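What follows is each chain in one-letter form.
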Amino acid sequence: MKIRSMKLREAHKSDDGVSSHCTILWDRTAEHIVTASSSDVSVSIHDALLPSVTPKVVRNHKDGVTALALSPNSTCLASGSSDRSVKLYKFPGGEFESNISRFTLPIRALSFNRQGTMLAAGGDDDGIKLINTIDGSIARVLKGHRGSITGIAFDPKSEYLASVDSVGTVIIWELQSGTTIHNLKNIAPSTSSDFSTLTALGWSPDGETLAVSGLKNDVVMYDRDTAEKLFTLRGEHTQPVCFLGWSLNGKYVATSGLDKQVLIWDVDKKQDIERQKFDELICCLAWKPHGNALAVIDVMGKYGIWDMVIPSSMKSPTEGLPDSISQKSDGLLFFEEEEHEPSISGSLSDHGEDSLVGSEPPNRKRLRQFQYDEDSDEDKSLLPEVESRKKPYVSGKESVKNRNVASAGPVAVPGPIMQEAFQSGSTPVQPGKRRFLCYNMLGSITTMKHDEYSHIEIDFHDTGSGPRVPAMTDHFGFTMASLNENGSVFANLCKGEKNMSTLMYRPFKSWANNSEWYMRFEEEEVRAVALGSSWVAAVTSLNFLRIFTEGGLQRHVVSLDGPVVTASGFGDELAVVTHSSPPLPTNEQMLTFEVFNVSNGTQPIKGRLPLSPGACLTWFGFGEEGQLSSFDSMGVLRVFTNQYGGRWIPLFSASKLKKKDENYWMVGLNSSKLFCILCKSPDKFPQAVPKPVLTLLDLSIPLASSDLGAENLENEFILSNMHLSQIQRLIQETEARGQDATSLDDEALNSEAALDRCILRLIASCCTGDKLVRAIELVKLLSMEKSVRGAIKLVTAMKLPNLAERFNSILEERLLKQEAKETILKETTELKVTDTNTSKATESKNAADTNMSKTFTTPDVFKAPEPVNAIQSVPLSSPSFVKKKKTEEPAKVVNVAEPKSSTKSENNGLLKKNIGEVKQVEGQRSTNPFAKSSNNQEKTSLLDSLKKMKKNDDGGKK
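Rules of the game
- Residues numbered from 1 in each chain as written.
- Predicted model: local features only at pLDDT ≥ 70, side-chain atom pairs only at ≥ 80, totals over all residues.
- Heavy atoms only, no water.
- Helix = DSSP H or I, 4+ residues; strand = E, 2+ residues; numbered from the N terminus.
- Contact = heavy atoms within 4.5 Å.
- Areas by Shrake-Rupley, 256 points an atom, 1.4 Å probe, with all protein chains shown as cover.
- Axes fitted to C-alpha atoms, helices over the stretch in contact; angles between N-to-C directions.
- Parallel < 35°, antiparallel > 145°, perpendicular 65-115°, else oblique.
- Left-handed = near helix turned anticlockwise from the far one by under 90°.
- Nonpolar A, V, L, I, M, F, W, Y, C, P; charged D, E, K, R; others polar.
- Phe/Tyr/Trp six-rings, centres within 6.5 Å; stacked < 30°, edge-to-face > 60°.
- Buried < 20%, exposed > 50% of the residue type's maximum accessible area, 1.4 Å probe, protein only.
- Lys NZ or Arg CZ within 6 Å of the ring centre and 35° of its normal.
- Pairing = 2+ DSSP bridges.
- Expected span 1.5 Å × (residues − 1).
- Core = buried A, V, L, I, M, F, W, Y, C linked by side-chain atoms within 4.5 Å.

What follows concerns the overall build of the protein chain. For the protein chain, the count of helices and strands is 13 helices and 52 strands. The long-range fraction of contacts in the protein chain, counting pairs at least 24 apart against all pairs at least 6 apart in sequence, stands at 51%. In the structure as shown, the protein chain presents an accessible area of about 47,300 Å², 51% of it carried by carbon and sulfur atoms.

What follows is the structure, encoded as structure tokens:
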């Protein structure tokens, strides 16, 4: 075997020639190389295509960078340092994103899972932190190592995590439960205190084999499920292996040893096929994602690219990639990528036979037998003692067959993760910093954690109207809150030995002392809280919706259909979002929303909550006017309307603003504005100190680019239509309750006028853009007759006589329909009035005859009050009849005469003249003095006749 030599270029300077641990990575496109050194505070991003170009340098650590990790889709870079912090950056730009975690001792190893949603970090601390990259929370801490963690590797199947420490112990963890599956002691070389070289550890791309540097200058392969030793790679290394890397197709392994050699191994043949000798120890290497090359870096900070690693006579290291590697990964870091299950039809996935460059995987039994024949008795004594449970062994082919047979039972295939519950308006925990428990249109609640307690403050945006609430000392560790005009509610996650969750309500005004109250939940965790006009709600981990009164009375306990995502309240309405099913393979969350009326105990609305593809829900609540709204991670705002049987309408899209350096943190909205806080990338949420500034953005529907070039007018047209529809719905609801809707009528009239003005401007744009058919469609949408006449004048001034002719025809047709409708209404009304008058006259005549007969036949029994009451009851219905007639007549008299004009020019003048006449007639008939005088006259004549009859009767007696 020929030994090659290659030159390296300096990436990081070493301190006085002292060795340091350096890291090198390729990005997914092979366009960039990332390097770091434990003796340098900077991270360098090199152009792999133009190595002579000065690299981009990122400096955010205060001490040397000891570990790097790049998300599988190459959108996020993580770095760990001796300064005990883990930081995230945008890639390839290198913009700082966040301090995602902090340790008490230096970090030694980092690793992303295959989806990029979790980052494992370990070092000299006692434990491996599994960090959720979505919100920076610590999902779990894995404890069990006795030495510093020097290597971490996620299983490509996302089931296990392997780690190795400085004393040579390898532990395989089950991610779902966080328990130890296998604890393999003293199987790897001890690194003692020299951290310039770390213990090698790595999973094969198909996840079936774990490779670990052995005690005899070799690499030992262990079975995935049983942790049994399969075989070893032993060759030309004269000192222990300190780093290894699998090629992307799993056929080759590159190893670096303390003997300053890099060897390339053919895994199937179990022999080294290439060798490279270096002047310094190679502490890290990485296979090129596309092509036949290997990037290496030594302990002095010099790096280079070894081209043509694999001889041309052999298969390329990227040929025959497993499906899990070859599939594109264009999704965002913070959302899981699609997982492919093996198909029942028999096609192979990343666990199949093609995972090793299309060759048949060696039979496990044969390999174990080969190992025993090859190794000496001493080797057998070094076999690890498996301390935990062992899974039954299944060969490679049998495993594939079992996966492809549906009757073999369900197979646990990792998939997209369901979104966790959150509280709208809250920000993630940041150690040592004040954060928001709640931020809405009314005010904010902030908390600052100290050693034994937290300090909570409540502030209102309008200090003049809101009550002054004293600060509060929190001994419960509240993690969520909600705020309205009446009070505030707080809750925390389960904590303490009893695993209890606490709910507390604190009213702002109360006539009684000790008005705040607490509720405790054992083995049940509060996930979301909400407030209404006179109730408090909490949704728990048992999918219970618990509703309390302001005084703390437990009113209702309702079971929800799925795990809660968030909740919000407004007046009597409570809206809850839950998971309806697991996410789709395309990372689409399946969410359902429900709206409850707490005072009535009803559920008026329920349906599916739409989100942008691949997005998650980031805000959910009610607008100032009570419109139910949602905001997702793609920056799309949706509002629920009654249109089309109840649909969500997108009213804002951040992508339309085309400002990639800004993120929008939703706060609330009203009928025309979106209230948010602008956060400069890479920040996703605001800091509580200094107090953030609210930004108002116009609501803008994400319309397509129109050939008319009037997107703003079209947007105003749709929004005005929606607003008018909402007002009309409120009018119907108000009248159904028997309440006065006069103010709403005035608002509806103003909205109609505003909509007509918008349509007229759109008509002008259509005429300018020669879109005359569209102009005719628009004029039919005008609601006021005056607006149609204005449109006729507009097109006439623009010298479009044909269009003006069509507009006139539309106006005439509308007037004729209106005349016919009013004529029918008038005839119907007159018929009803005639019938009413006839019946009332008959009743009056009968009553008068009866009274007269009583008067003349029995004068001695006559009593004055009785005939007065009887006669006065006759005209009681007259005022209401006259009043009803007043309201119906004005429009009829004028509008009936309007269409009788002979020509269109005369019609224009007559209609304009009649508009004034309508107003004049309405003014005259508002008092209707004639009806009133007629009524009074009728009353007087009847009374005089009674007096006269009584007088004559008295004279006869005398």
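All right, on to the packing of helix α5 (residues 711-736) against helix α6 (residues 742-768) then. Closest axis-to-axis distance for the α5/α6 pair is 9 Å, and the angle between their directions is 160°. Between α5 and α6, the angle is such that the two are roughly antiparallel. Between α5 and α6 lies a crossing whose hand is left-handed. Of the residues contributing to the contact of α5 with α6, the split by class is 12 nonpolar, 7 polar and 6 charged.

It is worth spelling out the packing of α6 against helix α7 (residues 772-779) at this point. In a packed pair of helices, the relevant descriptors are the angle between the two axes and the axis-to-axis distance. Running from amino to carboxyl end, α6 crosses α7 at an angle of 165°, the nearest separation of the two axes being 8 Å. As summarised for this structure, α6 and α7 are arranged roughly antiparallel, according to the angle between their axes. Between α6 and α7 lies a crossing of left-handed hand. Contact residues: α6 offers Ile759, Leu762, Ile763, Cys766 and Cys767, while α7 offers Leu772, Arg774, Ala775, Leu778 and Val779. Of the residues that constitute the contact of α6 with α7, the class distribution is 9 nonpolar, no polar and 1 charged.

Moving on, we come to the packing of aromatic side chains. Applying the stated criterion across every chain yields a total of 15 aromatic pairs. Each ring, one from phenylalanine 476 and one from tyrosine 518, has its centre 5.5 Å from the other, and the planes form 40°; the classification is tilted. A residue pair is termed long-range when its members are at least 10 positions apart, and phenylalanine 476 in the loop between β33 (472-474) and β34 (480-483) and tyrosine 518 in strand β37 (residues 517-522) qualify at 42 residues. By relative accessible area, tyrosine 518 is classed as partly exposed at 38%. Among the aromatic residues, ring-to-ring pairing joins Phe476, Phe478, Phe490 and Tyr518 into one connected group. Above the face of the phenylalanine 103 ring, lysine 129 is positioned so that its terminal group lies 4.4 Å from the ring centre. The ring centre of tyrosine 252 lies 5.9 Å from the NZ or CZ of lysine 251, which sits over that ring.

When you line up the elements, threonine 209 lands in strand β20 (residues 209-213). With a relative accessible area of 12%, threonine 209 lands in the buried category. Sequence-distant contacts of threonine 209, defined by excluding residues within four places in its chain, comprise Gly202, Trp203, Ser204, Met221, Tyr222 and Leu230.

Further remarks concern the pairing of strand β29 (residues 302-307). Relative to β29, strand β2 (residues 9-10) is paired through 2 bridges, and the arrangement is antiparallel. Residue pairing in the sheet places arginine 9 in a bridge with tyrosine 303 of β29. Relative to β29, strand β28 (residues 293-298) is paired through 5 bridges, and the arrangement is antiparallel. When the bridges of β29 are listed, alanine 295 appears paired with isoleucine 305. The hairpin turn running from β28 into β29, its antiparallel successor, is 3 residues long, and glycine 301 in that turn takes a positive phi close to 85°.

The next point concerns the environment of cysteine 22. By secondary structure assignment, the location of cysteine 22 is in strand β3 (residues 22-26). The spacing of cysteine 22 and isoleucine 297 is 275 residues in sequence and 6.7 Å in space, taken between C-alpha atoms.

In this model, α5 (26 residues) spans 38 Å end to end at C-alpha, consistent with the 38 Å of a helix rising 1.5 Å per residue. Buried within α5 are the following residues: Leu713, Asn715, Phe717, Leu719, Ser720, Met722, Leu724, Ile727, Ile731 and Thr734. The secondary structure elements touched by the buried residues of α5 are β48 (636-641), β49 (647-653) and α6. Glycine 738 occupies a position one or two residues after α5 and carries a positive phi of about 75°.

For the rest of this paragraph, the subject is unusual backbone geometry. Going from phenylalanine 91 to proline 92, the amide bond is cis rather than trans, its omega being 10°. Between valine 689 and proline 690 the backbone carries a cis peptide bond, its omega angle lying at -5°. Along the chain, proline 690 falls in the loop between β51 (673-680) and β52 (695-698). One non-glycine residue, lysine 270, adopts positive backbone phi at about 60°. The phi dihedral of tyrosine 644 falls on the positive side, at around 55°, and the residue is not glycine. The topology assignment puts tyrosine 644 in the loop between β48 and β49.

The next thing to look at is the nonpolar core. Within the largest apolar cluster, 32 residues are counted, with the highest numbers of intra-cluster contacts made by Ile759, Ile763, Val779, Leu782, Leu803 and Phe807. Contributing elements (two or more residues each) for this core: α5, α6, α7, α8 (785-797) and α9 (801-857). The biggest single contributor to this core is α6, with 9 residues. Within the second largest apolar cluster, 19 residues are counted, among which are Phe631, Leu651, Leu697 and Leu699.

It is worth stressing that arrangement in space is one thing and function is another; only the former is reported here.
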